[in-house]
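# Per-entry structural report
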Amino acid sequence: MKHFLYLILILWVVSCQKEPTAEEILAKAIEAHGGEKIYNSTVSFDFRNIHYKATYQNGDYTLSREFSDSLNNKIKDVLTNNTFDRTINDSLVSVTDQWKIKYSNSVNSVIYFFRLPFNLRDPAVMLSYLGKGTIEGTSYYKLKVRFSKEGGGEDFTDQFVYWINTNSYTLDYLAYEYATDGGGKRFRKAFNQRKVNGWLVSDYHNYEPLNLDVGIENYDHYFTKSGLKKLSEIVNKNVKVEYE
């Protein structure tokens, strides 16, 4: 009888434990990846022979990329809260509005993924908690992100799912669905996670689904069942981090 009552007590305690909110999970993930100081910082890195730099200070940002084209021209794109400029060999060039949007999205996209999960506090983010999932024997909180039309940019219809480790609160996996260039779905697995001046940096194995009908929120099951095909690796080199 005592054992039965003890079991009932354990079940009652477990049932009374509240699941964390999406905001609580995100707050712990931000702390695990480096903390609030990152919102006033400068980071630079190299990705696929392009040099990126991002400076954030009190809500203002300056994002840039530098690379050489096939004719060895030095190209630099600079994106701020309100402007976009392209220079070729240090000379400012005229860019149509259509190409400004394309170049801006290209710069922002790479830096967006690099800065995860810190940009999940952007005002346009609509965050929700999907419960727990398991990948390769490890338990994760699942967070879904959608974007409001106002402030969500050109790609506000994109959707993301993030898997946050229930013990370390690191972002170890993510999936996303996008509409640009015909649309598609992707799944990423973090590897080579390391701290650079207190900032947790991740590289990623990049996968695509074999069945596009599967929702991205189910990719934890789909990955375990070999429903994804590896496409590439996302490797960030020469990472430097400074704080304002």
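Residues numbered from 1 in each chain as written. Predicted model: local features only at pLDDT ≥ 70, side-chain atom pairs only at ≥ 80, totals over all residues. Heavy atoms only, no water.

## So, the packing of aromatic side chains
Going through the model one piece at a time under the given rule, you end up with 27 aromatic pairs. Taking the centre distance of 5.8 Å and the plane angle of 0 degrees together, the rings of Phe160 and Tyr162 count as stacked. Here Tyr162 falls in the buried class, since its relative accessible area comes to 0%. Taking 5.4 Å as the distance between ring centres and 80 degrees as the angle between the ring planes, the aromatic pair formed by Tyr207 and Phe223 counts as edge-to-face. With Tyr207 in strand E12 (residues 199-209) and Phe223 in helix H4 (residues 219-224), this pair connects stretches of sequence that are 16 residues apart. Accessibility classification places Tyr207 together with Phe223 in one group, the buried group. Three or more aromatic residues joined by ring pairs form one cluster here, namely Tyr140, Trp163, Tyr173, Phe187, Tyr207, Tyr219, Tyr222 and Phe223. Seen from the ring of Phe113, Arg188 lies directly overhead, with NZ or CZ sitting 4.1 Å from the centre. Between Arg188 and the ring centre of Tyr204, over which it is positioned, the NZ or CZ distance is 5.8 Å. (Phe/Tyr/Trp six-rings, centres within 6.5 Å; stacked < 30°, edge-to-face > 60°. Buried < 20%, exposed > 50% of the residue type's maximum accessible area, 1.4 Å probe, protein only. Helix = DSSP H or I, 4+ residues; strand = E, 2+ residues; numbered from the N terminus. Lys NZ or Arg CZ within 6 Å of the ring centre and 35° of its normal.)

## As for the nonpolar core
Among the nonpolar cores identified, the biggest contains 51 residues, and Tyr162 and Ile164 are the most heavily contacted of them. Not counting chain neighbours up to four residues away, the residues in contact with Tyr162 comprise Tyr112, Leu116, Leu120, Tyr141, Lys142, Leu143, Val145, Leu171, Tyr173 and Leu174. In this structure, Ile135, Trp163, Tyr173 and Tyr207 belong to the second largest nonpolar core, which totals 14 residues. (Core = buried A, V, L, I, M, F, W, Y, C linked by side-chain atoms within 4.5 Å. Contact = heavy atoms within 4.5 Å.)

## A few points about the environment of Val239
Take Val239: it is sitting in strand E14 (residues 237-243). Relative accessible area serves as the criterion here: at 15%, Val239 is assigned to the buried category. Separated by 193 residues in sequence, Val239 and Asp46 place their C-alpha atoms 7.1 Å apart. Filtering out sequence-adjacent residues up to four positions away, Val239 remains in contact with Val43, Ser44, Phe45, Phe114, Arg194, Val196 and Val201.

## A few points about unusual backbone geometry
A cis amide bond, omega 5 degrees, links Leu116 with the succeeding residue Pro117. As for its placement among the helices and strands, Pro117 is situated in the loop between helix H3 (97-114) and strand E7 (125-135). Despite not being glycine, Asn49 has its phi angle at roughly 65 degrees, a positive value. As for its placement among the helices and strands, Asn49 is situated in the loop between strand E1 (41-47) and strand E2 (50-57). Judged by relative accessible area, Asn49 falls into the exposed class, the value being 76%. Look at Tyr169: it is not a glycine, yet its phi comes out positive at around 60 degrees. By secondary structure assignment, the location of Tyr169 is in the loop between strand E9 (159-165) and strand E10 (171-178). For Tyr169, a relative accessible area of 14% corresponds to the buried category.

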